[in-house]
Amino acid sequence: MTLPPRPSSICPACWKGPFAAQLGLLAEPLIFSHWDRRGRAGVYERTGGYTYTISPAALLFRAAVGCKWCLFLVERFRYVNELLEKSEDRWWPSRRVLCIRIGRKEAEWMLRVVVDDVEISGKIYTVATTPDDPGARYILQRARVIDVGSQRTLQMAKACIEQCAHEHERCKAMASERSLHAMQDPDKAHIAITHPGALVDPRSTSHEDISGHSSDYARPAPTRLIDCRNPNRPRIILTNGRPYVYVALSYVWGKDRPHRTTKKNLSTYMKYINPTAFSRTIRDAVYVTNKLGIGFLWTDSLCIIQDSPEDKHRELLSMRDVYRHAYLTIDAASAAKASEGFLQDRPPLDPDLVFPFICPRGAASQLPERGSLYLYYYAHSDIKTGNRGNFRTGERAWCLQETMLSTRCLVFTDSTVQVRCQTTTQNVDGVDHDPRGDVPRLPDAIFHHARPMTRYSAGWISIREAWHKIVKDYSSRRLSYRSDKLVACAGLVEMFAPVIGSVYVAGCWSDDFLLHDLLWYVSDRTSTRPTGYLAPSWSWASLEQADLGPFPDLSARTRAMVAVVRCTTTAQDDAFPHGPVTGGKLMLRAHLCRCRLKRGREGQKSEVLLGTESTQVQVLSYLDSDDDTFKKDLWAVPLQLVLNHHDDGDEFKGILLVPCCSHDVSKSLKEGNQTLKTFRRVGYFESRSAYDLQELGWDGEWSLETATELVIV
């Protein structure tokens, strides 16, 4: 085979061998077999890719004289040996011959190196090329797009959006109210999902077409929308209860407030809005909406009358439906404030390595073309666009439900553009996406059940676990207004409530798993107590912003150490039962245990000493806030016994309390005073060992006959 001229960076043997074979990337894919005995390395079947042999001495020599490929392999092997420096696996220099197989696994564009059927672990590289490279016909992955607002990029985005709308059954179920009801109602389970594009083209700018009641794309619309069909003359329209195909915008306002609709300018804006008055983010959203062929946009600053409390309240009650019914949500994830916009070209990402690529030979008389192959180290590359560091909206509490409730989102990250839907997340340029760090999706049961699920069933437990994941994510996000703590997640609550079938109480669910909801803890102790009231102290919502640790395992065998008498909250507005509260009480029959805080050194966890002076047990504790560090009158209430935890015996978990008034709790307990005692939660604790139960005398039959009735507010 005649090859194109060899570059000086590749030795003759490698040019005629692995490079003439396109590094095995176009051959049959490598087939993973199993992990080795220690679970360290992947073992592959002896098929697929390209195989050649070389001695370690020859490999080292070629690398020393300047072969870029041989040097790449040597560095890979040395990297592995550094990881295994203290083990007996430093094998490769002593081998007489190395059998090297290179290629990729099916459905991915990552270069794999296998030696003697075992993959060389360590650095993984994703493979790509540019659209205009001769090798682009064969290497299907591209270097990420940086011109995120170009016509080319938006056309790629449009293709991904239409693929989702036509092919993703889960997304079609979310988008189609009729189909969703059919899935929820067993008597209508035979009704097929109508093809979304069968009756209407969402690109149509005809008002009659896109608002037609027969369209499966048209959904119940918010009160107002921005008409973007002529982007130079946008205006606000009233929907009057008719369905529309529209786009919603999810973005961060920031300290600079975007231009807003008020009572005074509403009538003017219904005729014409000067686009120069828009913040840059909204201007970009109007442009994208128009280029995607969708005529209408919803954004809170313009579609809600900002100086009208009545209008705000009315629109707030339907916030869930705004995003749930949108054909698409634009997520301006890269913009830290409304004035920044999100269509700026992204900074280019230089490849970690560049190798020549010999294209397969065309006609017999033609010399094979030579292209370029770009290798991006997995930890550096654009495939890691799922992490929250690329999402300014990932730091904002409101944006969590806006993302989760949307059928699909067009996400403008710091580095590229993605389409995230209820089925998958994909970069519009085809670059592999790393799902780690993705916003959680609504669980499947949400789509299949209109009535409460059977308690303790696998599906019901999965719903409760999904709620805990949402709470953990939501709690770490910021709010511009503290009073929105229970408001900005109310739309998600409304989705979960019919399936869970329990009374919702300020972020928790009042059922047999309430104790699991109460056993939250702050993992980094950087939160502070808000100056105003947000929620009862027993709820995670009582803290302004906090990184919560994992909730208890719902599948573990547990036994309650308290009896829940009642758990209630008082809604600020009876018409908004899942919204803010003005108060809440948790009444328990429980055993109170006096305890003392033992503060750890800087950077260490605090510990709590439970019991009397003669019998004290040291347990691990997590205070809810730094403000609570110096509380002296501290009490512990064990809530839950975890049976046979990790086969090490039973362990217990509970919460730390302080009295709400100055009454002497110890004296009241000794005198048998039955006056109801009121406390406030300040932390969480868990035992270190099963022996703690024995030391405290709690390992026998746990009885609540002598328990104290108390209230936590």
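Quantities reported herein were computed from a predicted structural model and do not represent experimental measurements.

Colleague: An account of the overall build of the protein chain is requested, with residue identities and associated values reported.
Modeller: Scanning the protein chain for helices and strands turns up 19 helices and 31 strands. Looking at the protein chain residue by residue over its 713 residues, the buried ones come to 54%. Carbon and sulfur atoms form 49% of the exposed surface of the protein chain, whose accessible area is close to 31,600 Å².

Colleague: Give a detailed account of helix 13 (residues 397-404), specifying residues and quantitative values.
Modeller: Counted residue by residue, helix 13 has eight buried out of eight residues, so it is predominantly covered. Among all positions of helix 13, only A397, W398, C399, L400, Q401, E402, T403 and M404 are buried.

Colleague: Residue-level account of the sheet that holds strand 12 (residues 247-250), with values.
Modeller: Across the sheet, eight strands lie side by side as 10-9-13-12-14-17-18-19; this open sheet has mixed pairing. With partners counted over all chains shown, the strands left at the sheet margins are strand 10 (235-238) and strand 19 (425-427), one partner each. Averaged over all pairs of adjacent strands, the angle between strand axes in this sheet comes to 30°, irrespective of strand direction. The sheet contact formed by strand 14 (residues 328-331) and strand 17 (residues 408-412) spans three bridges and is parallel. Residue pairing across strands places T329 opposite C409, the latter belonging to strand 17.

Colleague: Break down the pairing of strand 18 (residues 417-421) for me, with residues and values.
Modeller: Successive side chains on a regular strand alternate, one facing one side of the sheet and the next facing the other. Across the five residues that make up strand 18, a large majority, five, are buried. The alternating pattern of strand 18 places V417, V419 and C421 and Q418 and R420 on opposite faces, both of which are buried. Where strand 17 and strand 18 come together, five bridges link them in antiparallel fashion. Following the sheet pairing, R408 is matched in strand 18 by C421. Turn length for the strand 17-strand 18 hairpin, with the two strands adjacent in sequence and antiparallel, is four residues. What sits between the antiparallel neighbours strand 18 and strand 19 is a turn of three residues.

Colleague: A description of helix 2 (residues 56-64) should follow, citing residues and the corresponding values.
Modeller: Among all positions of helix 2, only P56, L59 and A63 are buried. Axial view of helix 2: buried residues confined to an arc of 60°, hence all on one face. For helix 2, exposure combined with an orientation more than 90 degrees from the buried face picks out A57, F61 and A64. After helix 2 finishes, the residue G66 shows a positive phi value of roughly 115°.

Colleague: Account for the pattern of salt bridges, with residues named and values stated.
Modeller: Enumeration according to the criterion identifies 23 salt bridges in this entry. Across the pair K172 and E169 runs a salt bridge, and its minimum N-O distance is 3.0 Å. One end of the pair, K172, and the other, E169, are both in helix 5 (residues 169-175), three residues apart, so they sit about a helical turn from each other. We note a salt bridge from R170 to D444, for which the minimum N-O separation is 2.7 Å. One end of the pair, R170, is in helix 5; the other, D444, is in the loop between strand 19 and helix 14 (445-448), with 274 residues separating them in the sequence. Residues joined by salt bridges that share partners form a network here, namely R224, D311, R314 and E315.

Colleague: A description of the nonpolar core should follow, citing residues and the corresponding values.
Modeller: Counting 128 residues, the largest nonpolar core has F412, F496 and W540 as the members making the most contacts within it. What W540 contacts, discounting residues up to four positions off in sequence, is W467, V471, Y474, S475, K485, C489, G507, C508, W520 and L548. Ranked by size, the runner-up nonpolar core spans 37 residues in total, among them I100, I102, I358 and Y377.

Colleague: Let's hear about the side chain of E119: which residues, and what values?
Modeller: By the secondary structure assignment, E119 is in strand 6 (residues 118-119). Residue classification places E119 among the buried residues on the basis of a relative accessible area of 12%. Here R112 takes part through its side chain, which lies 3.0 Å from a polar atom of the side chain of E119.

Colleague: I'd like a description of unusual backbone geometry, backed by residues and values.
Modeller: Although it is not a glycine, Q22 sits at a positive phi angle of roughly 55°. Residue position: Q22 is located in the loop between helix 1 (12-16) and strand 1 (32-35). Taking the relative accessible area as the measure of exposure, Q22 reaches 11% and is therefore buried.

Colleague: So what about the packing of helix 15 (residues 458-475) against helix 16 (residues 490-500)? Which residues, and what values?
Modeller: Put simply, helix 15 and helix 16 touch, their axes get as near as 10 Å, and they point 160° apart. Taken together, the axis directions place helix 15 and helix 16 in an arrangement best described as roughly antiparallel. At the point where helix 15 passes helix 16, the crossing takes the left-handed sense. Facing W460, I463, R464, A466, W467 and I470 of helix 15, the residues of helix 16 in contact are L492, V493, F496, V499 and I500.

Colleague: Quick rundown of the packing of helix 13 against helix 16? Include the residues and the values.
Modeller: At their nearest, the axes of helix 13 and helix 16 sit 8 Å apart, and the two run at 40° to each other. Relative to helix 16, the element helix 13 is oriented oblique. On helix 16, the residues that touch L400, Q401 and M404 of helix 13 are A490, G491 and L492. Split by residue class, the contact of helix 13 with helix 16 holds four nonpolar, two polar and no charged.

Colleague: Could you give an account of the packing of aromatic side chains, naming the residues involved and the relevant values?
Modeller: Each pair of aromatic rings is reported with the distance of its centres and the angle of its planes. According to the stated counting rule, one finds 21 aromatic pairs in the structure shown. Ring centres 5.2 Å apart and planes at 35° place the aromatic pair W69 and F72 in the tilted group. Note that W69 and F72 are positioned in helix 3 (residues 68-83) at a spacing of three residues, about one turn of the helix. Comparing W69 with F72 shows no difference in burial state: the two are buried. Each ring, one from Y622 and one from Y684, has its centre 6.1 Å from the other, and the planes form 50°; the classification is tilted. Placement of the pair is Y622 in strand 27 (residues 616-623) and Y684 in strand 30 (residues 677-686), with a sequence separation of 62 residues. Each member of the pair Y622 and Y684 is classed as buried. Seen from the ring of F355, K68 lies directly overhead, with NZ or CZ sitting 5.7 Å from the centre.

About the thresholds
- Along each chain, numbering runs from 1 in the same order as the chain's sequence is written.
- In keeping with the predicted nature of the model, local features appear solely for residues at pLDDT of at least 70, side-chain atom pairs appear and are counted solely at 80 or more, and the whole-chain, interface and lining totals rest on all residues.
- Side-chain figures throughout are based on the complete set of non-hydrogen atoms in the structure, without hydrogens or water.
- The secondary structure listing takes helices from DSSP runs of H or I that are at least 4 residues long and strands from runs of E that are at least 2 residues long, numbered from the N terminus.
- With a 1.4 Å probe rolled over the protein chains alone, any residue whose accessible area is under 20% of its type maximum counts as buried; one over 50% counts as exposed, and the rest are partly exposed.
- For the area figures, the Shrake-Rupley method with a 1.4 Å probe applies, and any residue is considered shielded solely by the protein chains shown.
- Two strands make a pair as long as DSSP finds a minimum of two bridges between them.
- Where helices are involved, their axes are fitted lines through C-alpha atoms of the stretch in contact, as for all axes, and angles between N-to-C directions lie from 0 to 180°.
- This arc describes the spread of directions from the helix axis toward the C-beta atoms.
- Just to be clear on terms, a salt bridge is a Lys or Arg side-chain nitrogen sitting within 4 Å of an Asp or Glu carboxyl oxygen.
- Remark: nonpolar core denotes a set of buried residues (Ala, Val, Leu, Ile, Met, Phe, Trp, Tyr, Cys) joined through side-chain atoms within 4.5 Å.
- Note on contacts: a residue pair qualifies if any of its non-hydrogen atoms lie within 4.5 Å across the two residues.
- What qualifies as a polar contact is a pair of N or O atoms within 3.5 Å, subject to a donor-acceptor requirement within protein and to the restriction that residues adjacent in sequence count only when both atoms come from side chains.
- Oblique is the label for every angle not falling under 35 degrees (roughly parallel), over 145 degrees (roughly antiparallel), or within 65 to 115 degrees (roughly perpendicular).
- Crossing handedness is read from the near helix: turned anticlockwise from the far helix by less than a right angle, it gives a left-handed crossing, and turned clockwise, a right-handed one.
- Classification convention: Asp, Glu, Lys, Arg as charged; Ala, Val, Leu, Ile, Met, Phe, Trp, Tyr, Cys, Pro as nonpolar; all other residues, Gly among them, as polar.
- Pairs were defined over the aromatic rings of Phe, Tyr and Trp, the Trp ring being its six-membered one, requiring ring centres within 6.5 Å. Orientation was assigned from the angle between planes: stacked under 30 degrees, edge-to-face over 60, tilted for the rest.
- For a lysine, the NZ atom is tested; for an arginine, the CZ atom; a charge sits over a ring if that atom is within 6 Å of the ring centre and within 35 degrees of the ring normal.

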